[in-house]
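Secondary and tertiary structure notes
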There are 2 protein chains.
Amino acid sequence: MTYGSALVVLADPTRREVFERLRTGPRPVNAIAAGMPVSRPAVSQHLKVLKEAGLVEERSEGVRRIYSVRREGLAELRAWIDSFWGDALDAFKLEAESSYQAKKRQR
Amino acid sequence: MTYGSALVVLADPTRREVFERLRTGPRPVNAIAAGMPVSRPAVSQHLKVLKEAGLVEERSEGVRRIYSVRREGLAELRAWIDSFWGDALDAFKLEAESSYQAKKRQR
DNA sequence: ACTTACGGTTAGTCATGACTTACGGAAGCG
DNA sequence: CGCTTCCGTAAGTCATGACTAACCGTAAGT
């Protein structure tokens, strides 16, 4: 259910801003954090989450880490949304996977 | 920034389940809550949030409230996602709107 | 080697929001 | 009319997670 994680991860406004700042191209952490209302470590944490969700890639370049968007990370979310437009095939496929696990009780 | 609210609202797994149960068609609250691991009031609260976000519609039928999906509520989110696929026009349009409001500091 | 820029990690704080229980109003049924 | 069903609202509890400050390692420049 990676479209679920994509939703969760992109729900936070600050994290979304971080993600959007990569739309125009790869950037080091410094450049992303510049001008943001939160501290640089906060941005680092958000990047970590984005990376774990497969929405972002990291590559090292000397002492800096260059982050960039991973479009494939958005693909499943896109398909999920599309499935609400009555595409019967996708709807069936997704519904089959999404039988609700009653796990929340076991907390 | 309604794609933002859509993301926030759909991020919660329980609320997403509620939303997905409407994919196959309009349903009263009872039917939605049946078999879910949370109480009926919880479902009501989720429906309220979904409705405020424009993702769901409500119509009264006697004593029951019938909820159904509002596809238009997903349209902007869909467009936002698409804008990451290099559609220059959409990307420009969306970026123009999304200059980060430094509101978080004022909490 | 010393220093400086870069950025990830940890610990601890605090606000947000998802949930339950209890309640209340509104419509159908006997 | 009671009685029941349907469902929204209120109050209060508790877990989650976003953030800062402090710290550490690493690369590059002098």
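None of these values were measured; they are calculated from a predicted model.

To continue, consider the confidence of the model for chain A. Put simply, chain A has an average pLDDT of 85, and 80% of its residues get 70 or more. With pLDDT under 50 throughout, residues 93-107 of chain A is counted as low confidence; its partners more than four residues away or in other chains account for 16 contacts.

On to the environment of Lys48 of chain B. All names here are of chain B. Take Lys48: it is sitting in helix α4 (residues 40-52). Assessed through its relative accessible area of 54%, Lys48 is described here as exposed. Sequence separation between Lys48 and Glu58 is ten residues, and the spatial gap between their C-alpha atoms is 9.4 Å.

Ser39 and His46 of chain A together with Asn30, Ser44 and Tyr67 of chain B are the nearest of the 26 residues found near DNA strand D. A distance of 3.3 Å is found between a base oxygen of DNA strand D and a side-chain nitrogen or oxygen belonging to Gln45 of chain A. Separating a phosphate oxygen of DNA strand D from a side-chain N or O atom of His46 of chain A is a distance of 2.2 Å. Contributions of two or more residues to the surface near DNA strand D are made by α2 (13-20) and α4 (40-52) of chain A together with α3 (29-33), α4 and β3 (64-69) of chain B.

A few words on the packing of helix α5 (residues 72-82) of chain A against helix α5 (residues 72-82) of chain B. Their axes nearest at 10 Å, the elements α5 of chain A and α5 of chain B cross at an angle of 150°. The angle between the axes of α5 of chain A and α5 of chain B places the two elements in the roughly antiparallel class. Like other packed secondary-structure pairs, α5 of chain A and α5 of chain B cross with a definite hand, here left-handed. Two secondary-structure elements touch here, α5 of chain A through Leu74, Leu77, Arg78, Ile81 and Asp82 of chain A and α5 of chain B through Leu74, Leu77, Arg78, Ile81 and Asp82 of chain B. Its residues assigned to classes, the contact of α5 of chain A with α5 of chain B comprises six nonpolar, no polar and four charged.

What follows deals with the protein's contact with DNA strand C. Surrounding DNA strand C, one finds 26 residues, the nearest of these being Asn30 and Ser44 of chain A together with Arg15, Ser39 and His46 of chain B. Backbone atoms, meaning sugar and phosphate, make up 64% of the atoms of DNA strand C lying within 4 Å of the protein. One of the backbone N or O atoms of Val29 of chain A is found 3.2 Å from a phosphate oxygen in DNA strand C. Of all the secondary-structure elements, those providing two or more residues to the surface near DNA strand C are α3 (29-33), α4 and β3 (64-69) of chain A together with α2 (13-20) and α4 of chain B. Top contributing element to the surface near DNA strand C by residue count: α4 of chain A, with five residues.

Looking now at the pattern of salt bridges. Evaluated as defined, the whole model comprises 14 salt bridges over all chains. The partner of Glu61 of chain A in a salt bridge is Arg59 of chain A, with the nearest N and O atoms 2.9 Å apart. The exposure class assigned to Arg59 of chain A is partly exposed, which follows from its relative accessible area of 40%. The partner of Glu58 of chain B in a salt bridge is Lys51 of chain B, with the nearest N and O atoms 2.7 Å apart. Classification of Glu58 of chain B as partly exposed rests on a relative accessible area of 28%.

Across all of its chains, the model carries eight aromatic pairs over all chains by this definition. Taken together, a centroid distance of 6.4 Å and an interplanar angle of 55° make the contact between Phe19 of chain A and Trp80 of chain B tilted. Of this pair, Phe19 of chain A sits in helix α2 while Trp80 of chain B sits in helix α5, placing the two residues on different chains. Neither Phe19 of chain A nor Trp80 of chain B differs from the other in exposure class; each is buried. Residue classification places Trp80 of chain B among the buried residues on the basis of a relative accessible area of 0%. Pairwise contacts between aromatic rings join Tyr3, Trp80 and Phe84 of chain A together with Phe19 of chain B into one cluster. The residue whose ring lies beneath Arg23 of chain B is Phe84 of chain A, and the NZ or CZ to ring-centre distance is 4.5 Å. Positioned above the aromatic ring of Trp85 of chain A, the side-chain terminus of Arg78 of chain B is 5.0 Å from the ring centre.

Cut-offs used in this document
- Residues numbered from 1 in each chain as written.
- Chains lettered and ligands numbered in written order.
- Predicted model: local features only at pLDDT ≥ 70, side-chain atom pairs only at ≥ 80, totals over all residues.
- Heavy atoms only, no water.
- pLDDT = per-residue confidence, 0-100.
- Contact = heavy atoms within 4.5 Å.
- Helix = DSSP H or I, 4+ residues; strand = E, 2+ residues; numbered from the N terminus.
- Buried < 20%, exposed > 50% of the residue type's maximum accessible area, 1.4 Å probe, protein only.
- Near = heavy atom within 4 Å.
- Polar contact = N/O pair within 3.5 Å; in protein donor to acceptor, adjacent residues only side chain to side chain.
- Axes fitted to C-alpha atoms, helices over the stretch in contact; angles between N-to-C directions.
- Parallel < 35°, antiparallel > 145°, perpendicular 65-115°, else oblique.
- Left-handed = near helix turned anticlockwise from the far one by under 90°.
- Nonpolar A, V, L, I, M, F, W, Y, C, P; charged D, E, K, R; others polar.
- Salt bridge = Lys/Arg side-chain N within 4 Å of Asp/Glu carboxyl O.
- Phe/Tyr/Trp six-rings, centres within 6.5 Å; stacked < 30°, edge-to-face > 60°.
- Lys NZ or Arg CZ within 6 Å of the ring centre and 35° of its normal.

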